[in-house]
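# Examining the three-dimensional arrangement
These are the residues of each chain, in order.
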Amino acid sequence: MSLSDLEFDVHYSYFLEKMNYTLLTRIDKAITLTLMVLGFSVFAPFANLFIFGAFVAFLSVIQLVYQFGQAAGLSKEQMRQYRKLMVNFKSLQESEIKEQFLKLQDADSFPWQSLEFAAHKRASIVLGLEDCSKPLTLKQRIICHVAGDVP
């Protein structure tokens, strides 16, 4: 693996973790806000309490099972570590970079596949490389927009 390939991989991993962090944080906040609104809806005079209760239970189970907030925290820490490696990239020896990169990859989160192509495109743009990959699909563009980065 050449030094330029390694630099691309570090940037790609950083942007992937960054988009994953933003996406999961926004999902967690949206679920929390919805739960709060539905919780206050018990005071509404027109409310069908059974439907609101079922929706609250459903959202609570989703939040408990997928733990978007915890996964976002893991992505945030990985993002910080990759950013640190990006900043120190020019001052480190190639062997040190490889060692740190491999160590960081052991703790990587499991981002959504829809973000992978966008992270690849963003890393290519940042490094000034030609991007030969196909354009993002509509689904990928929507998810990337929610994740805060549409290349």
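Residues numbered from 1 in each chain as written. Predicted model: local features only at pLDDT ≥ 70, side-chain atom pairs only at ≥ 80, totals over all residues. Heavy atoms only, no water.

### What to know about the overall build of the chain
When you go through the chain residue by residue, the secondary structure sums to 6 helices and 0 strands. In sequence order, the chain lays out its α and β elements as α-α-α-α-α-α. For the chain, the C-alpha radius of gyration of 20 Å lies well beyond 15 Å, the compact-globule estimate for 151 residues. Counting only C-alpha atoms and orienting by the principal axes, one finds that the chain spans roughly 65 × 30 × 20 Å. Split into buried and exposed, the 151 residues of the chain put 35% on the buried side. In the chain, once contacts between residues fewer than 6 apart in sequence are set aside, the share between residues at least 24 apart is 76%. On the chain, roughly 9,600 Å² of surface is accessible, and the fraction owed to carbon and sulfur atoms is 62%. Positive and negative charge centroids in the chain, built from 15 and 15 side chains respectively, lie 8 Å apart. (Helix = DSSP H or I, 4+ residues; strand = E, 2+ residues; numbered from the N terminus. Rg over C-alpha atoms; globule rule 2.2 N^0.38 Å. Buried < 20%, exposed > 50% of the residue type's maximum accessible area, 1.4 Å probe, protein only. Contact = heavy atoms within 4.5 Å. Areas by Shrake-Rupley, 256 points an atom, 1.4 Å probe, with all protein chains shown as cover. Lys, Arg positive; Asp, Glu negative; His and termini not counted. Charge placed at Lys NZ, Arg CZ, Asp CG, Glu CD.)

### Thoughts on the pattern of salt bridges
Inspection of the entire model under this criterion finds 4 salt bridges. A salt bridge links lysine 90 to glutamate 7; the shortest N-O distance between them is 3.7 Å. Remark: glutamate 7 occurs in helix α1 (residues 3-40) and lysine 90 occurs in the loop between α3 (68-87) and α4 (94-105); sequence separation between them is 83 residues. (Salt bridge = Lys/Arg side-chain N within 4 Å of Asp/Glu carboxyl O.)

### Observations regarding unusual backbone geometry
Even without being glycine, glutamine 67 reaches a positive phi, approximately 45°. Secondary-structure assignment places glutamine 67 in the loop between α2 (49-66) and α3. The class for glutamine 67 is partly exposed, based on a relative accessible area of 37%.

### Notes on the packing of aromatic side chains
Per the stated rule, a full pass over the model turns up 4 aromatic pairs. Taking 5.8 Å as the distance between ring centres and 25° as the angle between the ring planes, the aromatic pair formed by tyrosine 66 and phenylalanine 68 counts as stacked. Cation over ring: arginine 83 sits above tyrosine 14, and NZ or CZ is 5.9 Å from the ring centre. (Phe/Tyr/Trp six-rings, centres within 6.5 Å; stacked < 30°, edge-to-face > 60°. Lys NZ or Arg CZ within 6 Å of the ring centre and 35° of its normal.)

### Considering the side chain of aspartate 149
Looking at the element boundaries, aspartate 149 is found in the segment after α6 (138-146). Among the polar contacts made by the side chain of aspartate 149, one reaches the side chain of arginine 122 at a distance of 2.7 Å. For aspartate 149, the residues in contact, after removing those within four places along its chain, are Phe15, Met19, Arg122 and Cys144. (Polar contact = N/O pair within 3.5 Å; in protein donor to acceptor, adjacent residues only side chain to side chain.)

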